[in-house]
Amino acid sequence: MGIGTKNRQNQTAELCREHLRSSYASQGTLVEDFIHEIEGSGKSQDILAWGRFTNMDRNTADMLGRLDETFNKWLNGDVSGM
C-alpha cells in the first residue's frame, strides 16, 4: 500500500472522528463509544473501518452525511447497518 493511500486513510479517519466530536459535543461519551465500535481499540484498532462511509467520488459532505445517519441509527439502537 502506498504512502498516499495511508495518508488518505488517516485523513478520512481523523475527519470522521473530528466531525463526530464537534457535531455531537454534548454526547461525548457516546461519541467515543461509537468511535471505538467502528474502529476498535488497542491492537485490534482498524482505521480502515472509516472507509465504509466514503464513496468513489470522495465527496466529504456525502461521507459525513452517511456518518451522521449511521451514528443517529446507532444512538436509536438500530445497528443493522453496521
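Quick summary incoming for the structure in this document. Note that the structure is a prediction, hence the values are computed from the model and not measured.

Criteria and cut-off values
Residues numbered from 1 in each chain as written. Predicted model: local features only at pLDDT ≥ 70, side-chain atom pairs only at ≥ 80, totals over all residues. Heavy atoms only, no water. Helix = DSSP H or I, 4+ residues; strand = E, 2+ residues; numbered from the N terminus. Rg over C-alpha atoms; globule rule 2.2 N^0.38 Å. Buried < 20%, exposed > 50% of the residue type's maximum accessible area, 1.4 Å probe, protein only. Areas by Shrake-Rupley, 256 points an atom, 1.4 Å probe, with all protein chains shown as cover. Expected span 1.5 Å × (residues − 1). Arc of directions from axis to C-beta. 1 Å grid on protein atoms, 1.4 Å probe; cavity = no way out; pocket = protein on both sides within 12 Å on 5 of 7 lines; lining within 4 Å. Points joined across faces, edges and corners; volume = space filled by probe spheres on them. Nonpolar A, V, L, I, M, F, W, Y, C, P; charged D, E, K, R; others polar. Phe/Tyr/Trp six-rings, centres within 6.5 Å; stacked < 30°, edge-to-face > 60°.

**A closer look at the overall build of the protein chain**
Link 1 in the chain: What the protein chain contains, in helices and strands, is 3 helices and 0 strands.
Link 2 in the chain: Computed over its C-alpha atoms, the radius of gyration of the protein chain comes to 13 Å, within 12% of the 12 Å expected for a compact globule of 82 residues.
Link 3 in the chain: Summarising its shape, the C-alpha atoms of the protein chain cover approximately 40 × 30 × 25 Å along the three principal directions.
Link 4 in the chain: Per-residue burial for the protein chain yields a buried fraction of 28% across its 82 residues.
Link 5 in the chain: Carbon together with sulfur atoms contributes 48% to the accessible area of the protein chain, which is approximately 5300 Å² in total.

**Section: helix H2 (residues 28-39)**
Link 1 in the chain: Along its 12 residues, H2 runs 17 Å from first to last C-alpha, staying within 8% of the 16 Å computed at 1.5 Å per residue.
Link 2 in the chain: Listing the buried residues of H2 in full gives Val31, Phe34, Ile35, Ile38 and Glu39. The arc enclosing the buried residues of H2, seen along the axis, measures out at 110 degrees, which places them on a common side.
Link 3 in the chain: After H2 finishes, the residue Gly40 shows a positive phi value of roughly 80 degrees.

**With respect to the layout of surface pockets**
Link 1 in the chain: A volume near 340 Å³ is recorded for the largest pocket.
Link 2 in the chain: In this structure, the largest pocket is lined by 16 residues; those nearest its centre are Arg8, Thr12, Thr54, Arg58 and Met63.
Link 3 in the chain: Sorting the residues of the lining of the largest pocket by element identifies helix H1 (3-23) and helix H3 (60-75) as the ones contributing at least two each.
Link 4 in the chain: Ranked by residues supplied to the lining of the largest pocket, first place goes to H1 with 6 residues.
Link 5 in the chain: Within the lining of the largest pocket, the residues separate by chemical class into 5 nonpolar, 9 polar and 2 charged.

**Comments concerning the packing of aromatic side chains**
Link 1 in the chain: According to the stated counting rule, one finds 5 aromatic pairs in the structure shown.
Link 2 in the chain: Relative to Phe71, the ring of Tyr24 lies with its centre 4.6 Å away and its plane at 50 degrees, an arrangement referred to as tilted. One end of the pair, Tyr24, is in the loop between H1 and H2; the other, Phe71, is in helix H3, and 47 residues separate them in sequence.
Link 3 in the chain: Through pairs of rings, three or more aromatic residues link up here, namely Tyr24, Phe34, Phe71 and Trp74.

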